[in-house]
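# Topology and contacts: notes
Chain residues, written in single-letter form:
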Amino acid sequence: MTESIALLTIFVLAAFVGVEVISKVSATLHTPLMSGANAIHGVILVGAIIVTGQAESTWVMIVGLLAIVLATVNMVGGFVVTDRMLEMFRGPGSRKKELHK
Amino acid sequence: MIPTWAQIGYLVAAVCFIVALKALSSPKTARAGNGLGAAGAVLAVVITFVAYKPDHLAPILIALLVGTVVGVVGSRRVQMTQMPQLVALFNGVGGGAAALVALLELSEVSADQTVSAIATAFTILVGAISFSGSIVTFAKLQELMTTRPVTFPGLPVLFVAGLLGGIALAVWLVSDPRVWVGVLLCLVGLAIGVMLVLPVGGADVPIVISLLNAFTGLTVAAGGYVLHNSLLLVAGTLVGAAGTLLTKLMADAMGRSVFNILFGAVRGGSTLGAGEASERPVIAGTSEDVAILLGYAQRVIIVPGYGLAVAQAQHTLRDLVEELQGRGVKVDYAIHPVAGRMPGHMNVLLAEAQVPYEQLREMDEINGDFKSTDVVLVVGANDVVNPAARTTPSAPIYGMPILNADEAQRVIFLKRSMRPGFAGIENELLYDPRTTLLFGDARESLTKLLAAVKNV
């Protein structure tokens, strides 16, 4: 039971951190924010690896491997796409350099 | 039980995720933050391999490789204009993965672990909703299907039946965790997801992406509870909280409630737009006419829209603005919070064309300036300047704050045709005697306009 309470405590605290952190993001960056948050929930990959690694039947393994593929697409794709977007938001200095090259 | 060092490693990864989100508060730190988030993810995966020593190592590594290749190739190839649908798709596969993981955990859950069983049922149901809902969202944004709300007479009844059925199956699953009940629950979830997103109109789709993103976050958190994994719990909760808040912010920016966005079309037929143009006369000009208007103006405001980005005309527009500024015209870009296909999407698209972000002005900041503006140049936007948002209670965008382009002396629309915008409704401003239309592809029109301005 104590572990359940500990997990519940973590859940509540993380919810407050989430709201606190996001409320400071400027509207300019809302699209990268959505895509960055998206990449983070791809960490379900960890869960997918754990269950697949304990698989005792072929059926469980096949579904587990499918979950791994999907979660990896979510995580890797999410971070790469967010990076591509953020690459556009460079400081004015580097912008000029590019224009005159 | 996993070793202490691994738990501490997971804590470090969780902190990386929090810092990654926090770094998004400024364009200067955002990219480094995202890199840190990715590093946290890699750390978490490595820890998992070392601490859990999974069997079937070779197939797992192959699956990882396949997912990585698909993810990298997909996100490298996509155009900036297609970003929203890619985000929707990635969100969907994440939700699907969470539902599958929970299904596999069912064999481990016994009926006396009530809380774990509830979390498992929640993950299966909501993960499936997020998966199928995101796929429909993707289809709408990619215009594989109509972007207008899709409803049919029995939909509300069917939707409520689906929800009740889902809840009943979830309760059954909690009292008796059997895999086949879980599979059934998953199928019902898929159906609910489709029915949830079908009635949502094009202009509201971004809000649904954000909502489904929050859903997936919560399923990952619930998955963390089932697996007793603090990292999944923290990361999922962060995304759930962030997504919920962002959904609320966006709904506020559009002057609507989330409930109205999701169920507005189901409750009454009122949100269906006309979808086609009427036959009323408009004033069409030539690029020379428009160039004279622009060249002799003192104050010009540009309203960029998605049509600009599709035509890849951002660079030409930037050249035109520079030419006008060289002639002493004061020019600003007015950015509506939901211009493009996602909030902040237009900022990304203009940043791609290296428009200095000091020239980009937010709606609240610039809306008072339209009264004293000589010419508003609307390039490929429609819904964000549609006065129907203020005047027509039956319009799907009614209540959405808009850019007050109608208050300027003259309005110029660059449009390909009279086809209405993404929300599928007509814009009265197009028929206003002060409005001039310049038909054609945005890039060609802007190129001609630039040449004409140089000759003025």
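Residues numbered from 1 in each chain as written. Chains lettered and ligands numbered in written order. Predicted model: local features only at pLDDT ≥ 70, side-chain atom pairs only at ≥ 80, totals over all residues. Heavy atoms only, no water.

What chain A contains, in helices and strands, is five helices and zero strands. Helices (α) and strands (β) of chain A occur, in sequence order from the N terminus, as α-α-α-α-α. Burial statistics for chain A: of 101 residues in total, 59% are counted as buried. Look at the contacts in chain A between residues 6 or more apart in sequence, and 66% of them connect residues 24 or more apart. Working note: accessible area of chain A is about 4,200 Å², and carbon and sulfur atoms make up 70% of it. (Helix = DSSP H or I, 4+ residues; strand = E, 2+ residues; numbered from the N terminus. Buried < 20%, exposed > 50% of the residue type's maximum accessible area, 1.4 Å probe, protein only. Contact = heavy atoms within 4.5 Å. Areas by Shrake-Rupley, 256 points an atom, 1.4 Å probe, with all protein chains shown as cover.)

This part takes up the overall build of chain B. Broken down by element type, chain B carries 17 helices and six strands. Its C-alpha atoms give chain B a radius of gyration of 25 Å, near enough to 23 Å, the size a compact globule of 456 residues would have. Along the longest, intermediate and shortest principal axes, the C-alpha atoms of chain B span 80 × 50 × 35 Å. Of all 456 residues assigned to chain B, the portion counted as buried reaches 58%. Total accessible area computed for chain B in this model is approximately 17,500 Å², and 64% of it derives from carbon and sulfur atoms. Measuring between centres, the 29 positive side-chain charges of chain B sit 2 Å from its 31 negative side-chain charges. (Rg over C-alpha atoms; globule rule 2.2 N^0.38 Å. Lys, Arg positive; Asp, Glu negative; His and termini not counted. Charge placed at Lys NZ, Arg CZ, Asp CG, Glu CD.)

Right, let's get into the interface of chain A and chain B. Often, the extent of an interface is quoted as the loss of accessible area on bringing the components together. Opposite the 77 residues of chain A that make contact, chain B presents 94 residues. Between chain A and chain B lies a buried interface of about 7,900 Å² when both sides are counted; carbon and sulfur atoms form 78% of it. Broken down residue by residue, the surface that chain A buries against chain B is led by Met34, His41 and Arg84 of chain A, which jointly contribute 9%. Between chain A and chain B we count one salt bridge in total. When the shortest N-O distance is used, the salt bridge between Arg31 of chain B and Asp83 of chain A registers 2.9 Å. Applying the counting criterion to the chain A and chain B interface returns 14 residue pairs in polar contact (both at pLDDT 80 or more). Looking at the side of chain A that touches chain B element by element, the count peaks at 29 residues for helix α4 (residues 58-88) of chain A. (Buried area = accessible area lost by both parts, 1.4 Å probe. Salt bridge = Lys/Arg side-chain N within 4 Å of Asp/Glu carboxyl O. Polar contact = N/O pair within 3.5 Å; in protein donor to acceptor, adjacent residues only side chain to side chain.)

Given a rise of 1.5 Å per residue, 26 residues ought to cover 38 Å, and the 38 Å separating the end C-alpha atoms of helix α2 (residues 27-52) of chain B matches this to within 8%. Every buried residue of α2 of chain B is listed here: Ala30, Gly33, Asn34, Gly37, Gly40, Ala41, Ala44, Val45, Ile47, Thr48, Phe49 and Ala51 of chain B. Of the surrounding secondary structure, the elements contacted by the buried residues of α2 of chain B are α3 (44-53) and α4 of chain A together with α1 (4-23), α3 (57-77) and α9 (230-253) of chain B. For α2 of chain B, the side-chain oxygen to backbone nitrogen distance between the N-cap and Lys28 of chain B is 3.0 Å, and the N-cap itself is Ser26 of chain B. Lys53 of chain B sits one or two residues past α2 of chain B and shows a positive phi near 40 degrees. (Expected span 1.5 Å × (residues − 1).)

This part is about the UniProt feature "transmembrane region" (unreviewed entry) in chain A. All names here are of chain A. With numbering aligned to this structure, UniProt lists the feature "transmembrane region" (unreviewed entry) at residues 6-23, 35-53 and 59-81. Secondary structure across residues 6-23 comprises 94% helix and 0% strand; the distance between its end C-alpha atoms is 26 Å. As annotated, residues 35-53 comprises 89% helix and 0% strand, and the C-alpha atoms at either end are separated by 29 Å. (UniProt positions renumbered as here; feature names shortened; annotations may be inferred.)

Before going further, it helps to examine the pattern of salt bridges. Residues and elements named next belong to chain B. Tallied over the full model, the rule gives 14 salt bridges over all chains. Of the charged contacts in the structure, one is a salt bridge between Asp176 and Arg178, with a shortest N-O distance of 2.7 Å. Connected via shared salt-bridge partners are Arg299, Lys330, Asp332, Arg361, Glu365 and Asp369.

Residue and element names in this part refer to chain A. Where nonpolar side chains cluster on the molecular surface, the patch consists of Ile5, Leu8, Phe11, Val12 and Phe16 and spans about 480 Å² of accessible area. Within the fold, Val12 resides in helix α1 (residues 2-22). Looking at Val12, the relative accessible area reads 37%, which means it is partly exposed. (Patch = residues over 30% accessible without salt bridge, like charges linked within 9 Å, V, L, I, M, F, W, Y side chains within 5 Å.)

As a further point, take the packing of aromatic side chains. All names here are of chain B. Applying the stated criterion across every chain yields a total of one aromatic pair over all chains. Aromatic side chains Trp172 and Trp180 sit 5.2 Å apart centroid to centroid with 90 degrees between the ring planes, which places their arrangement in the edge-to-face category. The partly exposed category is assigned to Trp172, whose relative accessible area is 37%. (Phe/Tyr/Trp six-rings, centres within 6.5 Å; stacked < 30°, edge-to-face > 60°.)

Relative to the helices and strands, Leu86 of chain B resides in helix α4 (residues 83-105). Look at Leu86 of chain B and you get buried, because its relative accessible area is 9%. Sequence spacing of Leu86 of chain B and Pro337 of chain B is 251 residues, and the spatial spacing of their C-alpha atoms is 20 Å. Not counting residues up to four positions away in its chain, the partners in contact with Leu86 of chain B are Val81 of chain A together with Gly74, Ser75 and Val78 of chain B.

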